[in-house]
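# Remarks on the overall topology
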Amino acid sequence: AGSFYPANARMYDDYVCACAELYWATDDATYKTEAIKYKAEVKDHNWQFGYNNNDDIAAYNLAKLGDADGLKLLEGFITNIYKGKADASGVYKSTDNWGTLRYNGNAAFIIALYNTYKKSTTVDKYIYSNIDYILGNNSGKLSYVVGFTSEKGGYSSALHPHHRNVYLTD
């Protein structure tokens, strides 16, 4: 409940996802009905998918359940938020000034889910642009994945990262 990583203020995006997953796990139609019952609570948040904002996933799940409103919302997220806020090379540009790289990965993930839903046989350029950016195709030629380097692209990675989840061994 702290201010730095506050709890999710809305429960319905998570609830719709839980109902959809329970429907697929049990084949009990009451879960599908329950998920669709709360579709109006899944909103266009005008922000990126993240740990406390799952409307994108809820919209995807609604679309998979056959709900046209869920599909329309998912397409709106992709058009207005992810692709709409990308630079000319297709790299998502967040207005946040801290930890923004997670948004590139999340944007690529949401686009990939949509392409999976649409049964696309090609990979969207936008996914490649954002993953390549993470791996080093950026102005600093720096891979943000610790330990990943590319001689072909001339990308290097941080040698002494300050991050609690990094375990480097020689």
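Parameters and conventions
Residues numbered from 1 in each chain as written. Predicted model: local features only at pLDDT ≥ 70, side-chain atom pairs only at ≥ 80, totals over all residues. Heavy atoms only, no water. Helix = DSSP H or I, 4+ residues; strand = E, 2+ residues; numbered from the N terminus. Buried < 20%, exposed > 50% of the residue type's maximum accessible area, 1.4 Å probe, protein only. Contact = heavy atoms within 4.5 Å. Areas by Shrake-Rupley, 256 points an atom, 1.4 Å probe, with all protein chains shown as cover. Salt bridge = Lys/Arg side-chain N within 4 Å of Asp/Glu carboxyl O.

The secondary structure content of the protein amounts to 6 helices and 2 strands. Reading the protein from its N end, one meets helices and strands in the order α-α-α-α-α-α-β-β. Taking all 170 residues of the protein together, 35% fall into the buried category. Looking at the protein alone, contacts between residues at least 24 apart form 52% of all its contacts between residues at least 6 apart. Carbon and sulfur atoms form 54% of the exposed surface of the protein, whose accessible area is close to 10600 Å².

Further remarks concern the pattern of salt bridges. Applying the stated criterion across every chain yields a total of 4 salt bridges. In this structure, lysine 83 and aspartate 124 form a salt bridge, with 2.7 Å as the shortest nitrogen-oxygen distance. Of this pair, lysine 83 sits in the loop between α4 (68-82) and α5 (101-117) while aspartate 124 sits in the loop between α5 and α6 (125-135), and the two are 41 residues apart along the sequence. Given a relative accessible area of 37%, lysine 83 falls into the partly exposed group.

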